[in-house]
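A look at the structure
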Amino acid sequence: MAMPKDFEGGTEVQSNWMKFEKFGDRVKGTLLSHATVPSTNPTFPDQEVYVIRKEDGNLVNVGVSLKKSGTIARLNSVKVGEIVGILFESETAPATKGFAPAKNLKVLSFGM
C-alpha cells in the first residue's frame, strides 16, 4: 500500500510487547504496574500484563497467561518499584494437543 502524502517521512513505532521467542530471551527493569486483561479471542485465556521500564527508559509489556499460576504468583510477589528480571528458560509440552509448547519463565527480583 502506498503511503499517504501526509504520512511520508514518518518513522514506524515498534511494538512494546515482549516476545519470548528463543531460550535466553529476557527483560529486566522496574515494575511499574500490572493488570488483568481479558482475552479478545475465546481460544486463548485472559492475561496478566506487567509493565516494566527498562534501564534505557523504554516501556515493555509482558503478557502472562492466567493459566500460568506459578509464574503469576512469583510476579505478583514483586512490588511496584522493584527491579524484576524475566528469563525465558525452557519449554514444556502444551496442555492442549496442537497448541504451541508452554514457555517456562524464570522470575528474578533485584530489590528496589
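Residues numbered from 1 in each chain as written. Predicted model: local features only at pLDDT ≥ 70, side-chain atom pairs only at ≥ 80, totals over all residues. Heavy atoms only, no water.

Model confidence for the chain is summarised by a mean pLDDT of 93, while 99% of its residues fall at 70 or above. Here strand β5 (residues 102-109) stands out as the least confident element of the chain, with mean pLDDT 95; strand β1 (residues 26-37) is the most confident, with 98. (pLDDT = per-residue confidence, 0-100. Helix = DSSP H or I, 4+ residues; strand = E, 2+ residues; numbered from the N terminus.)

This part takes up the nonpolar core. Core analysis: the biggest nonpolar cluster contains 16 residues, and V62, V84 and I86 have the highest contact counts within it. Put simply, the parts of the chain that give this core at least two residues each are β1, β2 (47-54), β3 (59-65), α1 (69-76), β4 (83-92) and β5. When neighbours within four sequence positions are excluded, I86 is seen to be in contact with F20, D25, R26, V27, I52, V62, L75, L105 and K106. (Core = buried A, V, L, I, M, F, W, Y, C linked by side-chain atoms within 4.5 Å. Buried < 20%, exposed > 50% of the residue type's maximum accessible area, 1.4 Å probe, protein only. Contact = heavy atoms within 4.5 Å.)

All right, on to the layout of surface pockets then. Roughly 1,000 Å³ of internal volume is contained in the largest pocket. Taken together, 27 residues make up the lining of the largest pocket; nearest its centre are F44, S65, K68, P101 and K103. Counting residues per element, the ones that place at least two in the lining of the largest pocket are β3 and β5. Ranked by residue count, the leading element in the lining of the largest pocket is β3, at 4 residues. Taken together, the residues that form the lining of the largest pocket break down as 15 nonpolar, 6 polar and 6 charged. (1 Å grid on protein atoms, 1.4 Å probe; cavity = no way out; pocket = protein on both sides within 12 Å on 5 of 7 lines; lining within 4 Å. Points joined across faces, edges and corners; volume = space filled by probe spheres on them. Nonpolar A, V, L, I, M, F, W, Y, C, P; charged D, E, K, R; others polar.)

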